[in-house]
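Each chain is listed here by its residues.
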Protein chains: 2
Amino acid sequence: MEQVTNYQLVLQYDGTRYEGWQKQKKSSMTIQGKLEAVLEAFAGTSVEVNGSGRTDAGVHALGQTASVKLPSALDGETILPYLNRYLPEDIRILSVKPVSDSFHARLSAVRKTYAYRVDTRSKKDVFERKYVYGFPFALDIKAMERASKDLLGTHDFKSFCGNKKMKKSTIRTLEKIYIQESDGRIKISYTGNGFLQYMVRILTGTLLEVGLGRRRPESVPEILLARERSAAGFMAPPEGLFLVSVEYKY
Amino acid sequence: MEQVTNYQLVLQYDGTRYEGWQKQKKSSMTIQGKLEAVLEAFAGTSVEVNGSGRTDAGVHALGQTASVKLPSALDGETILPYLNRYLPEDIRILSVKPVSDSFHARLSAVRKTYAYRVDTRSKKDVFERKYVYGFPFALDIKAMERASKDLLGTHDFKSFCGNKKMKKSTIRTLEKIYIQESDGRIKISYTGNGFLQYMVRILTGTLLEVGLGRRRPESVPEILLARERSAAGFMAPPEGLFLVSVEYKY
């Protein structure tokens, strides 16, 4: 059997045009699909790219991480320039490095950070308009911070899970939530050991409802206890969401 | 005759989709044309918007300034929200304020600042890709700074003028040129009392040729003396250029 080398890829992408990370039979517009197609042309063999997790349609990444095994005979130094040359201009590889055979971008991940960006001004900045959710309302940031405190720690986040048929555990640990505000732009950063489908967007919608005064900042424990999607807030749209980074233990 | 009030408008735009600032009979895709159409719907009368100067097709603005006279009977407070609501998402009004009748966005301007952004990495950042010129070469910034010094002051900039049939004076004063570099991204800022057609883009192309080592940093005085477009460097493309601000004496 041919000798293979395992590589870790870090990449950024503008998710606007894509159906999300995961390859689909019915669409050529997925990040995984684009990556595999270019890597297969490079390697001259079929390849399977594993991402740290799926990002949904329209969601962006600053530091998505993937792993892929390629024939060891290939020159590892040429992978990055080849990919950046043949991938479209909205997908960019930041780094490629050989890693141990046991490394798997999803299974080896220990921590992820997402950021959700909101522009509360009457009209979005034109240069950021595809990378921010326009929500032109005054927000009580202190109330949002108060609510975010009760989200920290290990909880059953079933109320914040978009997949109603989820069979697996919905228990996750949220380590940090930071809310930064500057000139009417808000960035909410979430760090945790794993995230359920749509979880960051539902967390954000819930915090925005708290910020509007439509939901009490003290209501988070009740929402968690309900274990019911309808107990949480609306799902914020994909354009404001970024997968910022994925951390690994090597 | 109906009483009119003169207004100063400051606006930003993503120039990617536009044929430039100036209204054209053959295209509806100009910034001036879009502004006049929305203001005419607002005012119920024909209006003429004067910009501080034309920006070319594909050029962006962070602080373009315009003046327009509108019937005094209209509520000035409602102009900004109306414009932002009905203008497309790539044009955003930052401020509207009443000014003296004698104010004219072009004739009253005393100073302008442009910025030109270059990404020298092998592939552009995906989120900035429409707002930066991709020029993937190592540049000698010190040499570019050396060359820029000889551009400062009052000179005949005919060699840097894109309009070969220019009848009027090509003498201008460049007050400042700043070159900032960070992680392979370069921003060149130009401040002066006025700029000729394509001048910033030709100045930038010339400085980039100096940075590449294709042109001596001491060659600027010869280029200025030549008063000949062919003596200067190439014209950098529009996507990296921003009109940053226009200053006035009131």
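Residues numbered from 1 in each chain as written. Chains lettered and ligands numbered in written order. Predicted model: local features only at pLDDT ≥ 70, side-chain atom pairs only at ≥ 80, totals over all residues. Heavy atoms only, no water.

## Points about the pairing of strand β8 (residues 171-182) of chain B
Residues and elements named next belong to chain B. How we decide: Paired strands, as defined in this entry, are two strands with at least two bridges between them according to DSSP. Strands are runs of DSSP state E lasting at least two residues, helices are runs of H or I lasting at least four, and both sets are numbered from the N terminus onward.
As defined by bridge partners, strand β7 (residues 153-156) adjoins β8 across four bridges and the pair is classed as antiparallel. Across the sheet, residue T154 finds its bridge partner in β8, namely T173. Across eight bridges, the pairing between β8 and strand β9 (residues 185-192) is antiparallel. Looking at β9, one finds that I179 is bridged to I188.

## Overview of the interface of chain B and chain A
For clarity, the threshold we go by: Contact definition: two residues touch when any of their heavy atoms are within 4.5 Å. Note on terms: buried area is the combined drop in 1.4 Å-probe accessible area of two parts once they are placed together, counting the loss on both. Note on definitions: salt bridges are taken to be side-chain nitrogens of Lys or Arg within 4 Å of carboxyl oxygens of Asp or Glu. Here a polar contact is taken to be a pair of N or O atoms separated by no more than 3.5 Å, where protein atoms must pair a possible hydrogen donor with a possible acceptor and residues adjacent in sequence count only if both atoms sit in side chains.
In this complex, chain B contributes 24 residues to the contact, which on the side of chain A involves 24 residues. Summing both sides of the interface, chain B and chain A together bury roughly 2000 Å²; the carbon and sulfur share of this comes to 51%. Of all residues in chain B, K123(B), F127(B) and R129(B) bury the most surface against chain A, accounting for 39% of the area lost on that side. There are four salt bridges connecting chain B and chain A. With a closest N to O distance of 3.0 Å, D14(B) and R129(A) form a salt bridge. Viewed at the interface, chain A and chain B are joined by 18 residue pairs in polar contact (both at pLDDT 80 or more).

## Some remarks on the relation of the copies chain B and chain A
Both copies of the chain are related by a screw-like operation: a rotation about an axis and a shift along it. Here is the rule: The copies are overlaid by a least-squares fit using only the C-alpha atoms of residues whose pLDDT is at least 70 in both copies.
For the pair chain B and chain A, the relating rotation is 180 degrees, the translation along its axis is 0.0 Å, and the fit reaches an RMSD of 0.0 Å. As the rotation angle and translation indicate, the two copies are arranged about a two-fold axis.

## Digging into the pairing of strand β10 (residues 241-248) of chain A
Residues and elements named next belong to chain A. Alignment of strand β3 (residues 60-71) against β10, held across two bridges, turns out to be parallel. Following the sheet pairing, H60 is matched in β10 by F242. The pairing of strand β5 (residues 109-119) with β10 spans seven bridges and is antiparallel. Within β10, the residue paired with Y116 across the bridge is L241.

## Looking at helix α1 (residues 31-43) of chain A
Residue and element names in this part refer to chain A. Stated precisely, the cut-off is as follows: By definition here, a helix of n residues has an expected span of 1.5 Å times n minus one. Three exposure classes are used, based on accessible area relative to the maximum for each residue type with a 1.4 Å probe and protein chains only: buried under 20%, partly exposed in between, and exposed over 50%.
With 13 residues, α1 ought to run about 18 Å at 1.5 Å a step, and its terminal C-alpha atoms sit 18 Å apart, in line with that. Buried residues of α1: I31, Q32, G33, L35, E36, V38, L39, F42 and A43, and no others. On the buried face of α1, the contacting elements are β1 (4-13), β2 (49-51), β3, α2 (79-86) and β4 (91-99). Regarding α1, its N-cap is T30, as a side-chain oxygen of that residue lies 3.0 Å from the backbone nitrogen of G33 further along. Just beyond α1, the residue with positive phi is G44, at close to 70 degrees.

## Details of the pattern of salt bridges
Per the stated rule, a full pass over the model turns up 31 salt bridges over all chains. For the salt bridge of K23(A) with E36(A), the shortest nitrogen-to-oxygen distance reads 2.6 Å. Of this pair, K23(A) sits in the loop between β1 and α1 while E36(A) sits in helix α1, placing them 13 residues apart in sequence. Given a relative accessible area of 45%, K23(A) falls into the partly exposed group. Between R117(B) and E128(B) there is a salt bridge; the shortest N-O distance is 3.4 Å.

## Observations concerning the packing of helix α3 (residues 141-149) of chain A against helix α4 (residues 199-212) of chain A
All names here are of chain A. How we decide: What counts as an axis is a line fitted to C-alpha atoms, over the stretch in contact for a helix, and the angles between N-to-C directions run from 0 to 180 degrees. The scheme is simple: roughly parallel for angles under 35 degrees, roughly antiparallel for over 145, roughly perpendicular for 65 to 115, oblique for anything else. Crossings are classed by handedness, with left-handed meaning an anticlockwise turn of the near helix from the far one by less than a right angle and right-handed meaning a clockwise turn. Under the convention adopted here, Pro, Cys and the residues Ala, Val, Leu, Ile, Met, Phe, Trp and Tyr are nonpolar, Asp, Glu, Lys and Arg are charged, and Gly plus all remaining residues are polar.
One can describe the packing of α3 onto α4 by two numbers: an axis separation of 8 Å at closest approach and a directional angle of 135 degrees. For the element pair α3 / α4, the angle class is oblique. The two elements α3 and α4 meet at a crossing, and its hand is right-handed. When α3 is examined against α4, the residues A143, M144, A147 and S148 are found in contact with a partner set consisting of L207, L208, V210 and G211. Tallied by class, residues from the contact of α3 with α4 come to six nonpolar, two polar and no charged.

## Some words on unusual backbone geometry
In this structure, D183(A) takes a positive phi of about 55 degrees despite not being glycine. In this fold, D183(A) is placed in the loop between β8 (171-182) and β9 (185-192). Even without glycine at this site, R227(B) takes up a positive phi of about 50 degrees. Looking at the secondary structure, you find R227(B) in the loop between α5 (220-226) and β10 (241-248). A relative accessible area of 41% places R227(B) in the partly exposed class.

## Things to note about the environment of K167(B)
All names here are of chain B. Its place among the elements puts K167 in the loop between β7 and β8. K167 gets classed as exposed once you look at its relative accessible area, which sits at 80%. Along the sequence, K167 and E128 sit 39 residues apart, while their C-alpha atoms lie 38 Å from each other.

## Thoughts on the packing of aromatic side chains
Filter applied, for reference: Stacked, tilted and edge-to-face pairs are distinguished by plane angle, under 30 degrees for stacked and over 60 for edge-to-face with tilted covering the rest, among Phe, Tyr and Trp rings (Trp via its six-membered ring) whose centres lie within 6.5 Å.
Summed over the entire model, instances satisfying the criterion amount to 26 aromatic pairs over all chains. Seen in terms of ring centroids, F42(A) and Y82(A) are 4.9 Å apart; in terms of plane orientation they differ by 55 degrees. Their pairing is tilted. With F42(A) in helix α1 and Y82(A) in helix α2, the pair connects residues that are 40 residues apart, well separated along the chain. Ring centres of F135(B) and F234(B) lie 6.1 Å apart, and the angle between their planes is 15 degrees; this geometry places the pair in the stacked category. Within this pair, whereas F135(B) is found in the loop between β6 (133-134) and α3 (141-149), its partner F234(B) is found in the loop between α5 and β10, the two being separated by 99 residues in sequence.

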